[in-house]
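What follows is each chain in one-letter form.
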Amino acid sequence: MWILLVLLVIILFIAFSSIKIVKQAEVYIIERLGKFYKVADAGLTIIVPFFDHVRSVVSLKQQTMDVPPQDVITKDNVTITIDTVVFYQITDPAKAVYEIQSLKKGIEYLAITTIRDIIGKMNLDETFSSREGINNQLRAVLDEATDRWGCKVERVEIKDITPPADVRDAMEKEMNAERNKRALILESEAQRQSAITIAEGKKQAAILEADADREAQIRRAAGEAQAIKEVAEAKAKEIQMVYEAIKKANPDDKLVQLKSLEALEKVADGEANKVFIPFEATKALAGLGTLSEVVKGEEKNK
């Protein structure tokens, strides 16, 4: 009875030892008699007890590995601390197990040496402005080196670059000086622009004022010219009317001379008026005097 129970226990133990269930995104590296036998994918796997055993369980997920912060010397002899993270994925589980003793240690050491080589060729300022370039160089070197280990490096990221305290202080002072410089430049530019704007406004105002004065003068001159023209036209009309009236009256020379004397009398009618009669006009006056005597004689005879 006890023998049957022992046999049953042995059979159950062997059965449980033979059946392996592999999880999703994992594989089993199975060896037979100490030699690589196969890679068991996800699902149910049967192995031979006492002959086969699982050497390693390998994850096929993308994995991350933090590289310890490293002190690296730049090209201009400044020591900085760089913190890096590596994203990788195993593509060949057998190579990852048999080609290297520890895949993570290999990636870590390779990343450290590569970072020192890349940063050693760059100045301090370049390390801050060329993170993307450093990441790409690191990824390319690590991916090529780990390919024979059945691993693919998907991405490398520099998390932090920390310069020494004195360098940080100098950088902060330089940054503050640059900010103050830019502030002064902006302020002077604003003042210059303001002065230009004010001068331009004054210029435009002067131009507009000159244009207004010129327009006023033109309009004033045009008004005066129009007034003179209208006065001249009115005088011309008066002269024309007088001329037409005289022409219709058909006056003789005596009447014209008489009217001239009447006009002369009106001109001389004033205390401040002084009339100078030309010598040639005396003949006309003599004739007028004779005419007046004749007129008086005719009136007496009547």
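To be clear, the structure that these remarks concern was listed above.
These numbers come from a predicted model, not from an experiment. (Residues numbered from 1 in each chain as written. Predicted model: local features only at pLDDT ≥ 70, side-chain atom pairs only at ≥ 80, totals over all residues. Heavy atoms only, no water.)

Let's talk about the overall build of the protein chain
For step 1, the next point in the chain: Assigned secondary structure in the protein chain consists of eight helices and eight strands.
For step 2, the next point in the chain: The 302 residues of the protein chain split such that 21% are buried.
For step 3, the next point in the chain: Residue pairs at least 24 apart in sequence account for 63% of intrachain contacts in the protein chain once pairs closer than 6 positions are excluded.
For step 4, the next point in the chain: With an accessible surface of roughly 22200 Å², the protein chain has 58% of that area assigned to carbon and sulfur atoms. (Helix = DSSP H or I, 4+ residues; strand = E, 2+ residues; numbered from the N terminus. Buried < 20%, exposed > 50% of the residue type's maximum accessible area, 1.4 Å probe, protein only. Contact = heavy atoms within 4.5 Å. Areas by Shrake-Rupley, 256 points an atom, 1.4 Å probe, with all protein chains shown as cover.)

Quick notes on the sheet that holds strand 6 (residues 63–73)
Pairing between the strands of a sheet comes from backbone hydrogen bonds, and it takes one of two forms, parallel or antiparallel.
For step 1, the next point in the chain: Judged by pairing direction, the sheet is antiparallel, and its three strands sit side by side in the order 6-7-8 without closing on themselves. Edge positions in the open sheet fall to strand 6 and strand 8 (151–162), since each of these has one partner strand only. Sheet twist, expressed as the average angle between the axes of neighbouring strands with direction ignored, equals 25°.
For step 2, the next point in the chain: Of the strand pairs in this sheet, strand 7 (residues 79–90) and strand 8 are connected by 10 bridges, and their pairing is antiparallel. By the bridge assignment, Tyr88 is partnered in strand 8 with Val153.
For step 3, the next point in the chain: Contacting strand 6, strand 7 and strand 8, helix 3 (residues 103–119) crosses the sheet at an angle of about 35° to strand 6. (Pairing = 2+ DSSP bridges. Axes fitted to C-alpha atoms, helices over the stretch in contact; angles between N-to-C directions.)

Some points on the sheet that holds strand 3 (residues 35–40)
For step 1, the next point in the chain: One open sheet accounts for three strands, arranged 3-2-5; its pairing is antiparallel. The outermost strands of the open sheet, each flanked by one partner alone, are strand 3 and strand 5 (52–59). Across the sheet, the mean angle from the axis of one strand to that of its neighbour is 25°, orientation sign disregarded.

Section: the nonpolar core
For step 1, the next point in the chain: If you look at the biggest cluster of nonpolar residues, it comprises 34 residues, and the most contacted ones within it are Ile80, Ile82, Val86, Leu103, Ile107, Ile119 and Ile134.
For step 2, the next point in the chain: Of all the elements in the fold, those that place two or more residues in this core are strand 2 (26–32), strand 6, strand 7, helix 2 (93–98), helix 3, helix 5 (131–146) and strand 8.
For step 3, the next point in the chain: The leading source of residues in this core is helix 3, at seven residues.
For step 4, the next point in the chain: Ignoring sequence-local partners within four residues, the contact set of Ile107 consists of Met65, Val86, Tyr88, Leu142, Thr146, Trp149 and Cys151.
For step 5, the next point in the chain: One finds Val22, Ile30, Ala40 and Ile47 within the second-largest nonpolar core, a separate group that totals five residues. (Core = buried A, V, L, I, M, F, W, Y, C linked by side-chain atoms within 4.5 Å.)

Structural notes on a negative patch on the surface
For step 1, the next point in the chain: Negative charge collects at one region of the surface, where Asp76, Asp125, Glu126, Glu174 and Glu178 lie side by side.
For step 2, the next point in the chain: Sorting the residues of the negative patch by element identifies helix 4 (124–129) and helix 6 (165–249) as the ones contributing at least two each.
For step 3, the next point in the chain: Here Asp76 is to be found in the loop between strand 6 and strand 7.
For step 4, the next point in the chain: Residue classification places Asp76 among the partly exposed residues on the basis of a relative accessible area of 35%. (Patch = residues over 30% accessible without salt bridge, like charges linked within 9 Å, V, L, I, M, F, W, Y side chains within 5 Å. Salt bridge = Lys/Arg side-chain N within 4 Å of Asp/Glu carboxyl O. Lys, Arg positive; Asp, Glu negative; His and termini not counted. Charge placed at Lys NZ, Arg CZ, Asp CG, Glu CD.)

Notes on the side chain of Asp52
For step 1, the next point in the chain: Within the secondary structure, Asp52 is located in strand 5.
For step 2, the next point in the chain: At 2.5 Å, the side chain of Asp52 and the side chain of Arg32 are in polar contact.
For step 3, the next point in the chain: Beyond its immediate chain neighbours, meaning those up to four positions away, Asp52 contacts Ile30, Glu31, Arg32, Tyr37 and Ile47. (Polar contact = N/O pair within 3.5 Å; in protein donor to acceptor, adjacent residues only side chain to side chain.)

What to know about the pairing of strand 2
For step 1, the next point in the chain: With five of seven residues buried, strand 2 is to be regarded as a mostly interior element.
For step 2, the next point in the chain: The pairing of strand 2 with strand 5 spans seven bridges and is antiparallel. From the neighbouring strand, Glu31 faces strand 5, where its bridge partner is His53.
For step 3, the next point in the chain: In this sheet, strand 3 lies alongside strand 2 in antiparallel orientation, the contact comprising five bridges. If you follow Arg32 over to strand 3, its bridge partner there is Lys35.
For step 4, the next point in the chain: Here strand 2 folds back onto strand 3, and the loop between the two strands holds two residues, one of which, Leu33, carries a positive phi near 55°.

What to know about the packing of aromatic side chains
The description of an aromatic ring pair uses the distance of the two centres, along with the angle that the planes make with each other.
For step 1, the next point in the chain: Across all of its chains, the model carries one aromatic pair by this definition.
For step 2, the next point in the chain: Both rings, one in Phe36 and one in Tyr98, keep their centres 5.7 Å apart while their planes meet at 75°; by these two values the pair is edge-to-face. Highlighted residues: Phe36 in strand 3 and Tyr98 in helix 2, separated in sequence by 62 residues.
For step 3, the next point in the chain: Taking the relative accessible area as the measure of exposure, Phe36 reaches 36% and is therefore partly exposed.
For step 4, the next point in the chain: On the basis of relative accessible area, Tyr98 is assigned to the partly exposed category, the value being 33%. (Phe/Tyr/Trp six-rings, centres within 6.5 Å; stacked < 30°, edge-to-face > 60°.)

Quick look at the pattern of salt bridges
Pairs can form between side chains of opposite charge whenever their charged atoms are close.
For step 1, the next point in the chain: Under the definition given, this model contains 11 salt bridges.
For step 2, the next point in the chain: Taking the shortest distance from any N to any O, the salt bridge between Glu215 and Arg219 comes out at 3.2 Å. You can see Glu215 and its partner Arg219 sitting in helix 6, four residues apart, about one turn around the helix.
For step 3, the next point in the chain: Note on Glu215: relative accessible area 34%, which makes it partly exposed.
For step 4, the next point in the chain: Look at the salt bridges and you will find they share partners, linking Asp66, Asp83 and Lys159 into a network.

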